[in-house]
Amino acid sequence: MPVQPTPDTDHHISVLPVEGGWRVLSPLDDTPLMFLSGAKAEAKAKALAEQLAAAGCDARVLIHDRTQALVGTWRYFAAEVDRAQAPLAELPVLRSPSQA
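Bear in mind the structure is a predicted one, so any value in this text is a computation, not a measurement. (Residues numbered from 1 in each chain as written. Predicted model: local features only at pLDDT ≥ 70, side-chain atom pairs only at ≥ 80, totals over all residues. Heavy atoms only, no water.)

J.: Honestly, the sheet that holds strand β3 (residues 21-26) in this entry has me stumped. Any pointers?
T.: Across a sheet, strands are paired by hydrogen bonds formed along the backbone, either parallel or antiparallel in direction. Pairing within the open sheet is mixed, and its 5 strands lie in the order β4-β3-β2-β5-β6. Each of the sheet's edge strands pairs with one partner strand only, and the pair in question is β4 (29-35) and β6 (70-76). Adjacent strand axes in the sheet meet at a mean angle of 20 degrees when their direction is disregarded. Looking at chain direction, strand β2 (residues 10-18) and strand β5 (residues 58-64) are connected through 6 bridges and run parallel. Across the sheet, the residue bridging to I13 is V61, located in β5. (Pairing = 2+ DSSP bridges. Helix = DSSP H or I, 4+ residues; strand = E, 2+ residues; numbered from the N terminus. Axes fitted to C-alpha atoms, helices over the stretch in contact; angles between N-to-C directions.)

J.: Which parts of the structure should I look at to understand the pairing of β2?
T.: In summary, the side chains of a regular strand alternate between the two faces of the sheet. Two strands pair when backbone bridges link them, and β2 and β3 are joined in this way by 5 bridges, in the antiparallel orientation. Note that in β3 the partner of L16 across the bridge is R23. Between β2 and β3, which pair antiparallel in sequence order, lie 2 residues; one of them, G20, sits at a positive phi of approximately 85 degrees.

J.: Whenever I open this one, helix α1 (residues 38-54) confuses me. Can you help?
T.: Because each turn of an α-helix spans 3.6 residues, side chains separated by three or four positions in sequence point in the same direction. In this model α1 runs 24 Å from its N-terminal to its C-terminal C-alpha over 17 residues, within 8% of the 24 Å that 1.5 Å per residue would give. Where α1 is concerned, the buried positions are A41, A45, L48, A49, L52 and A53. Looking down the long axis of α1, one finds its buried residues gathered within 140 degrees of arc, a one-sided arrangement. Exposed residues on α1 whose side chains face more than 90 degrees from its buried face are A39, K40 and A54. (Expected span 1.5 Å × (residues − 1). Buried < 20%, exposed > 50% of the residue type's maximum accessible area, 1.4 Å probe, protein only. Arc of directions from axis to C-beta.)

Right, here's the structure in full:
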C-alpha cells in the first residue's frame, strides 16, 4: 500500500545483478525493473532518485556488482518544494519492511 514519504527519510533505489541482467528495486513500485545492461540500470536508478529529490524526498542509489558487493552509492537530497503545489502524496512510495 502506498504511503506518504517524509522528507527526512532516505528512499533506497538498488541496482542488483540477476541471471541474464540487472534489476532496479525502487520504492516507487513493487515490481523491479529489468535491464540487460548494468549501465542502463544505473542510469534508470539515478533518474528515479532525481524524481524523488525533485518531489522533496531524500534518495540514495546503491549499486552492487556481480558478486553482490556494494560498489557505489549516490545521495540525492530533497529539493525545496511548495507542499501546497506539489504534495508528496502524489508519489506512490511503498512502505519499507522496517516501517511495517
